[in-house]
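These are the residues of each chain, in order.
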Amino acid sequence: MTKKTIFLSLAAMAISVAAMSQARVGVKGGWNLSNITTTSGGSTEDAKTLSGFNVGVIADLPLVPRILSFQPGVFYTTKGTKSEVGDKNHVSLTSPYAKYSQNPSYIEVPLNLIGKLPIGEGASLFAGVGPYFAFGVAGRNKYEAVTVAGAASGSSDIKWDDDTPFNNGDLNQGRDKWKRFDWGGNVQVGAEISNFLISAQYGIGFAKVYSGQDNNADDKNKNRVFSVSVGYLFGGR
């Protein structure tokens with residue numbers, strides 16, 4: 001091994017140690033607008049957007065200080081969709097009102113690569129991209145109906161199948177169940193000011209959400225989530 005190689009190796013180690021010494025952890029949460037694709041092309045209908053939330057922890061691991069970071073996290077997040085027909089305030093014999101929502105909750109692990117643009121002392125703009133992996137843990141189906149004869153409403157727990165990447169032996173698959181495992185990609189933009197974060201993110205699901213649906217013929221029934229979040233990173237910059 002030449003002196004040049006030794007020097008470069010030591011320099012790389014020093015840079016890595018210096019970067020990791022600036023690693024930070026933080027908390028982050030915000031508002032979700034979720035939907036599920038309804039067409040072969042993967043588009044959604046605005047009227048079916050469902051409001052929800054996300055909350056979790058993140059780590060910011062500098063690869064190039066103040067320029068490039070790896071940012072993994074663990075979040076509790078809601079997704080889903082709704083359908084609504086009729087006007088609740090103008091019900092008639094021929095025009096009843098009905099609303100149905102599906103609101104699954106996941107533990108989600110995003111693995112984002114974040115590029116940063118310093119814009120002053122203690123402030124930067126950033127953009128990021130990366131995959132996410134999610135595991136369904138809870139959720140509710142809710143319905144409400146209003147007719148000239150009266151009103152009715154109710155809810156039930158979402159049913160999850162056992163068809164995960166580690167087990168595909170669930171014999172009771174069907175549309176009345178959701179796939180427990182979801183995965184996809186995130187894109188986000190935002191700003192960091194004195195360790196405070198604000199960001200907007202769009203999550204694109206690559207897996208169909210309903211149990212028993214494994215074909216790749218179309219892009220129907222996949223999660224889409226737009227999020228606006230705020231957070232705080234503990235530690236120095």
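One can find the structure itself at the top, above this paragraph.
Computed from a predicted structure; not experimentally measured.

*Asks:* I'm lost on a nonpolar patch on the surface in this one. Help?
*Replies:* There is a patch of nonpolar side chains on the surface, built from Val25, Val27, Val57, Val74, Ile107, Val109, Phe133, Phe135, Val137, Trp183, Phe206 and Phe234 and spanning about 1000 Å² of accessible area. Of all the secondary structure elements, the ones that give two or more residues to the nonpolar patch are β1 (24-36), β5 (97-120) and β6 (123-147). Considering each element in turn, the nonpolar patch owes the most residues, three residues, to β6. Considering the arrangement of structural elements, one finds Val57 in strand β2 (residues 50-64).

*Asks:* Sorry if this is basic, but what is going on with the packing of aromatic side chains here?
*Replies:* Aromatic ring pairs are described here by two measures, namely the spacing of the ring centres and the angle between the planes. Under the definition given, this model contains seven aromatic pairs. Between the aromatic rings of Tyr106 and Trp160, the centroid separation amounts to 5.5 Å while the plane-to-plane angle is 75°, which identifies the pairing as edge-to-face. Here Tyr106 is found in strand β5, whereas its partner Trp160 is found in strand β8 (residues 159-160), with 54 residues between them in sequence. Across the pair, Trp160 and Tyr106 agree in class, each one buried. Each member of the aromatic cluster is reached from another via a ring pair, and the members are Tyr106, Trp160, Trp178 and Tyr210.

*Asks:* Explanation requested: the pairing of β6 in the structure shown.
*Replies:* Along a regular strand, successive side chains alternate from one face of the sheet to the other. As defined by bridge partners, β5 adjoins β6 across 21 bridges and the pair is classed as antiparallel. What sits directly across from Leu117, in β6, is Leu125. Between the end of β5 and the start of β6, which pair antiparallel, lie two residues, with Gly122 showing a positive phi angle near 75°. Of the pairings in the sheet, the one linking β6 to strand β10 (residues 181-193) comprises 13 bridges and is antiparallel in character. Within β10, the position partnered with Ala134 by the bridge is Asp182.

*Asks:* Where do I start with empty space enclosed by the protein in this structure?
*Replies:* Where empty space is left becomes clear once a probe the size of a water molecule has been rolled over the atoms. For the structure shown, the criterion picks out three cavities of 30 Å³ or more. In this model, the largest cavity occupies a volume close to 260 Å³. Surrounding the largest cavity, 21 residues form its lining, Phe75, Glu108, Asn186, Gln201 and Ser227 being those nearest its centre. Of all elements in the fold, only β1, β2, β3 (68-78), β5, β10, β11 (196-208) and β12 (222-234) reach the threshold of two or more residues within the lining of the largest cavity. Within the lining of the largest cavity, the residues separate by chemical class into six nonpolar, 12 polar and three charged.

Conventions used here
- Residues numbered from 1 in each chain as written.
- Predicted model: local features only at pLDDT ≥ 70, side-chain atom pairs only at ≥ 80, totals over all residues.
- Heavy atoms only, no water.
- Patch = residues over 30% accessible without salt bridge, like charges linked within 9 Å, V, L, I, M, F, W, Y side chains within 5 Å.
- Areas by Shrake-Rupley, 256 points an atom, 1.4 Å probe, with all protein chains shown as cover.
- Salt bridge = Lys/Arg side-chain N within 4 Å of Asp/Glu carboxyl O.
- Helix = DSSP H or I, 4+ residues; strand = E, 2+ residues; numbered from the N terminus.
- Phe/Tyr/Trp six-rings, centres within 6.5 Å; stacked < 30°, edge-to-face > 60°.
- Buried < 20%, exposed > 50% of the residue type's maximum accessible area, 1.4 Å probe, protein only.
- Pairing = 2+ DSSP bridges.
- 1 Å grid on protein atoms, 1.4 Å probe; cavity = no way out; pocket = protein on both sides within 12 Å on 5 of 7 lines; lining within 4 Å.
- Points joined across faces, edges and corners; volume = space filled by probe spheres on them.
- Nonpolar A, V, L, I, M, F, W, Y, C, P; charged D, E, K, R; others polar.

Read these as spatial facts, not as claims about activity.
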